[in-house]
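# Reading the structure
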Amino acid sequence: MSPASARHPRAVKPSQLLTMLLAFLLLAGASGILTAGLVMPAVGAVGTVTTASTDLFEDLPSELAIPEPSQQSVMLAADGSPLATFFAENRIVVGLDQIAEPMRHAVVAVEDRRFYEHKGIDPDGMARAAVNNLAGGPLEGASTLTQQYVKNVLIEAGRVSGDDAAIAEATETSLGRKLREARLAIALEERVSKDQILEGYLNIAQFGPSVWGVEAAARHYYNKSAAELSVAEAALLAGITQSPAKWDPVRNPDNAQHRRDVVLGTMLDQGYIDQAQYDEAVALPVADMLNVQTTPNGCAAAGTAAYFCEYVVKDLLNNESFGKDITERRQRLTRGGLIIHTTLDPAKQQAAYDSVVASVPVNDRSGIKMALSSVEPGTGKILAMAQNTNFGATTPEDPNATMLNLNVGKSHGGGLGFQSGSSFKVFTLIEWLETGHSLNDRVLSTKKVFPRASWDISCAPEHKADYNNATNIDGMPTSRTMSVLEATRQSVNLTFIEMANQMDMCAIIDNAERMGLTQGDGSPLMPNPAAVLGTNTVTPLAQAAAFATLAAGGNFCTPVAITKVTDRDGAEVPAPPATCTQVLEPDVVNGVNHALQQVVSNRSLATGRSAVLPGRPAAGKTGTANEDAHAWFVGYTPQLAAAVWMGHSQGDKSMMDAVIDGRYNQWVFGGSYPAETWQAYMARSLQGAPVERFPDARSRVIFGERLAVPAVAGRSLDAARAILEDRGFRVRVGGAVSSDLPAGSVVVTWPEAGARVTPGTTVVLSPSSGPAPEPPPAPTPDGGSPPPAEAVPAASPPAQ
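Let us look at the structure shown here. (Residues numbered from 1 in each chain as written. Predicted model: local features only at pLDDT ≥ 70, side-chain atom pairs only at ≥ 80, totals over all residues. Heavy atoms only, no water.)

### Some details on the packing of helix α8 (residues 164-171) against helix α9 (residues 175-191)
Two numbers describe a pair of packed helices, the interaxial angle and the distance between the axes. Close contact between α8 and α9 brings their axes to 8 Å; oriented N to C, the two are set at 90°. Classified by the angle their axes make, α8 and α9 are roughly perpendicular. When α8 is examined against α9, the residues Glu169, Ala170 and Thr171 are found in contact with a partner set consisting of Arg177, Arg180 and Glu181. Residues of the contact of α8 with α9, tallied by class, amount to 1 nonpolar, 1 polar and 4 charged. (Axes fitted to C-alpha atoms, helices over the stretch in contact; angles between N-to-C directions. Helix = DSSP H or I, 4+ residues; strand = E, 2+ residues; numbered from the N terminus. Parallel < 35°, antiparallel > 145°, perpendicular 65-115°, else oblique. Contact = heavy atoms within 4.5 Å. Nonpolar A, V, L, I, M, F, W, Y, C, P; charged D, E, K, R; others polar.)

### So, the state of the cysteines
With the rule as written, the count across this model stands at 3 disulfides. Linked covalently through their sulfurs, cysteine 557 and cysteine 580 form a disulfide whose S-S length is 2.1 Å. An S-S torsion of about 115° defines the bridge between cysteine 557 and cysteine 580 as right-handed. On the criterion of sequence distance, the pair formed by cysteine 557 in strand β12 (residues 555-557) and cysteine 580 in strand β14 (residues 580-582) is long-range, its members being 23 residues apart. If the cysteines joined by disulfides in the protein are listed in sequence order, their pairing comes out as 1-2, 3-4, 5-6. (Disulfide = S-S within 2.5 Å.)

### A short note on the pattern of salt bridges
Across all of its chains, the model carries 23 salt bridges by this definition. Close ionic contact of aspartate 345 with lysine 348 constitutes a salt bridge, the shortest N to O distance being 3.3 Å. Judged by its relative accessible area of 21%, aspartate 345 is partly exposed. (Salt bridge = Lys/Arg side-chain N within 4 Å of Asp/Glu carboxyl O. Buried < 20%, exposed > 50% of the residue type's maximum accessible area, 1.4 Å probe, protein only.)

### Considering helix α24 (residues 586-599)
Across its 14 residues, α24 extends 20 Å between first and last C-alpha, which sits within 8% of the 20 Å expected from 1.5 Å per residue. Most of α24 sits out of view: 10 of its 14 residues are buried. Within α24 the residues assigned to the buried category are Val588, Val589, Asn590, Gly591, Val592, Asn593, Ala595, Leu596, Gln598 and Val599. Packed against the buried residues of α24 are α19 (425-434), α20 (484-490), α23 (540-551), β15 (619-624), β16 (630-636) and α26 (699-703). (Expected span 1.5 Å × (residues − 1).)

### Examining a nonpolar patch on the surface
A surface patch of nonpolar side chains, amounting to about 310 Å² of accessible area, comprises Met656, Trp667 and Phe669. Along the chain, methionine 656 turns up in the loop between β17 (641-647) and β18 (658-660). (Patch = residues over 30% accessible without salt bridge, like charges linked within 9 Å, V, L, I, M, F, W, Y side chains within 5 Å. Areas by Shrake-Rupley, 256 points an atom, 1.4 Å probe, with all protein chains shown as cover.)

### Focus on the sheet that holds strand β22 (residues 746-750)
If you walk across this open sheet you meet the 3 strands as β21-β24-β22, and the pairing is mixed. The open sheet has two edge strands, β21 (730-733) and β22, and neither has a second partner. Each adjacent strand pair in this sheet contributes to an overall mean axis angle of 30°, direction not counted. Sheet contacts for helix α27 (residues 717-726): β21, β22 and β24 (762-767); angle to β24, the most-contacted strand, approximately 165°. (Pairing = 2+ DSSP bridges.)

### Some words on the sheet that holds strand β2 (residues 82-86)
Across the sheet, which stays open at both edges, the 4 strands sit in the order β2-β1-β5-β13 with mixed pairing between neighbours. Edge strands, defined here as strands with exactly one partner in the open sheet, are β2 and β13 (562-566). Averaged over all neighbouring strand pairs, the angle between strand axes comes to 15°, with direction disregarded. With 4 bridges joining them, strand β5 (residues 339-342) and β13 adopt antiparallel strand pairing. Bridge pairing in β13 links isoleucine 340 to valine 565.

### Remarks on the packing of aromatic side chains
According to the stated counting rule, one finds 10 aromatic pairs in the structure shown. Their ring planes at 55° and their centres at 6.5 Å tell us that tyrosine 221 and tyrosine 222 sit as a pair that is tilted. Owing to a relative accessible area of 1%, tyrosine 221 belongs among the buried residues under this scheme. The exposure class assigned to tyrosine 222 is buried, which follows from its relative accessible area of 4%. For the pair phenylalanine 418 and tryptophan 645, a centre-to-centre distance of 3.8 Å together with 10° between the ring planes defines the contact as stacked. Taken together, the residues span a long stretch of sequence, with phenylalanine 418 in strand β8 (residues 418-419) and tryptophan 645 in strand β17 at a distance of 227 residues. Tryptophan 645 shares its class with phenylalanine 418; the two are buried. Lying across the ring of phenylalanine 322, arginine 332 places its NZ or CZ 5.3 Å from the centre. Lying over the aromatic face of phenylalanine 703, arginine 706 brings its terminal NZ or CZ to 4.2 Å of the ring centre. (Phe/Tyr/Trp six-rings, centres within 6.5 Å; stacked < 30°, edge-to-face > 60°. Lys NZ or Arg CZ within 6 Å of the ring centre and 35° of its normal.)

What follows is the structure, given as C-alpha cells:
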C-alpha cells in the first residue's frame, strides 16, 4: 500500500454502504441470525410507507394485490379499423405465451441469472455486489428481477394514483427502500409463480424513452409482435431496460449495439444460445434490424377523422358514469387499456372530407370554412364529420390549423354555432301543419310590417318586437299570395314570417328543441320574431340530427358516436347511451317531407336543385343568413341525413364577392356550394344502396279539409256569391254564356257543383246572357226566301 493510500483510506460511497448494510441484514436474516421481527421494524423505522404502495401488498388474504399496469386505449371505427391510440405510457399488455422464448431468456440472463433459484432476493448476488463495490469495481445494485418488478409496480401505482410521494419513495436511494423491496419481493414469490413475475416484469418495464412493455417495444422498434422476436432482437430489447435513454438504438445505435452484444454474450455463457446463434446475432448491424414505427398519442393520428375522434374523447370525459371527475376519466382513457368502438363509417368519412375540400380547399385564400356532419336516421349514429381545416395547433407553416371542431358546440370542442338562415323555416312549416293548416293554404307573401302587438310569444313575451325589415330575395317573382308549398320550394321570407305571425313563436321554437336544437353553447333558442329566418346559432351536427328526425318519421335520436367500450378484461364500460323519442306525428312529417322534396327538385325556382340525387328521392332545405354570412344545406333520404355549413368561423362576415378556389362569387347562398357539397357526399355515400321512398302525405295535409262546391246554378250572381263566400270560397265572375235562364243568373260553376276542393278555392261563376239569338233563316232550294212567319202552321196546343 502506498503512503498516500495508508494516510487516506478509500472512501465508501453512500450507495456502497447501503449495499453492504442490505447484504448484511439479508444474509443474516437468511442465516437465521435476525428474525422477521427484527427486520420488519427496521423497515417501518425508515419511514412511513405511503398508502399507494402498502395497499398493493398488504391486508390481502391470499395473493398480493398487484394492479394491472397502465396500457394504451384504442379507438376503432365502425368497421374495426383503428382511428387513434391514447396512453400515458405506451404499453400493450400480453401474456407470457405471447412473448418469444428468446426474449424471456435474454431478460433473465442479463437481469437475474439466478431468477429461477432464489426466493425473491439473491444473497449470493448481494454479497458479490458488495464485495465488488468495496473493491472499487463497477457499481452493482444486486436487485433481483423480482425486486425490479416490485419497484416498477410501486412506481406505476404512484403514477396511476397521482401520488408523487409514492413515486419518490419507490425511487429514493435509501436503506428503507431496499428493505421494503426485499420484503415485498419475498412475499410476492411466496404467492405467485416465477412465470407470473416474469410476465409482469416484461409488461411493466421501460424498453425505451417512450415505450413500456415488450409488446409495445417490439412494435415500435421492429414493427412486429413480441411473439415474433429473434435472438438478436430480443437481446437488443433486453439490454435497453438498464438505461432506456443510454441504450436507445434509435438515438444511440453504437451504444445499443455494444449493449446488445453484452446480452448475447451473457446468453451464450448461460447456455440459452449456442455459438452459431451468437455469431449470427452479433454480425447484424443494429441499423439493419430496426423498422421503427411511432405510435401517435391522441386524435392527430385519426387523419381526416381527427375532429370526430376529439368528439368521442369529449363524450367520454363529459360522461359521469365513466368516472367521478374529469381527472379520473382521463386516467381511465390513457391508462385503462380500453377498446372504444365508434360509429364512424370510414368510407363515408372519406366521402365527406373529399366533398368538403373539393368545394373549399384547405387553407383557401378566401378564409372561408366548410363543415359537414352526417347521421343515420333512426339511430343517431354519427357516420361522418369533416371540415376543411387541418387538425392541430396553429403553426407558421399552417396558420389555419385548428383544434376547434366546427361541427359541434362548446361541450364537445366546438364553438357557439352559426346562424341557420332559412333552414330554420322547417320548424315553422312543422307548426303550420301541426295546427291543422295545409301545404296548399295561400298566405300573404308581400306584407312587410309586423307590429310588436301582432306577435304571440307566450313563453317569453319580453321578446316581442316590431319586425319590419325583412324582405324577399331580390329578383324573386312573388305574387301577393302564394301557397305554403310554393313558399317552401322558393324559400320566400315574407310568407314564412306571415305564417309564424299567425301562430305561437314558442311552439315553433319548441319544435326545434324537441328535435335536438340548442344554441352552440347549450343555451335555449331565443323565440324572437327574427328567429323565423334563422338568427339562432346552431351547429351542423345538431342540424343533421334534427332533419334526420324527419327522415325517421318523427323519431328524434340524440347523436351518438360510441357503440361500446370494453376494458382490458373485455368487460363493458358505461358509455353515453343513444336515446330515441317520437317527437312528431307521422302525418305532419309526411307533409313536411312532401314539401321538402320539392325543394330538392328541378321544379321552377326550387332552391335546392343543385342537391338533386338522380333516381333517388331526397328532401332538404337551403339556408342563407343575412349578408351571406353563413350558408347551409341540410337534407336527407330515408337512410341518411347530412348538414353542410360554410362561412367564416369567427363572426358573421359576409361571403359576398368572395373568390373561392379561384372562382369569383357575387353571392354565396345555401343552394350553391353547400347544396353541391351535400349532393357530392350523398351520391357517393349512397352508391349501391337501395332506393327508398318517403311515405306519401295525406290529401288533407297537402290540400286541407275539402268542401263540396255548393250548387248555385239558377241563382243570381249576388245570391251565389253570398253562398260561396259563406262556405269559405273565393268567387270570381267569368264570361257570360247563353242560356234559357234569365240573364244574370248563374248557369254553371267551375269547379262544378259537388266537386270537393279546399276552403279558399276560387270558384268561377258563369252568368247567363239570356237565350241564344235565333239562327238566321235557311235559304229555300230555289234560292228564294222562306214563306212569311204567319204562313207557318202553328204548333198544336199541349194536351190538357
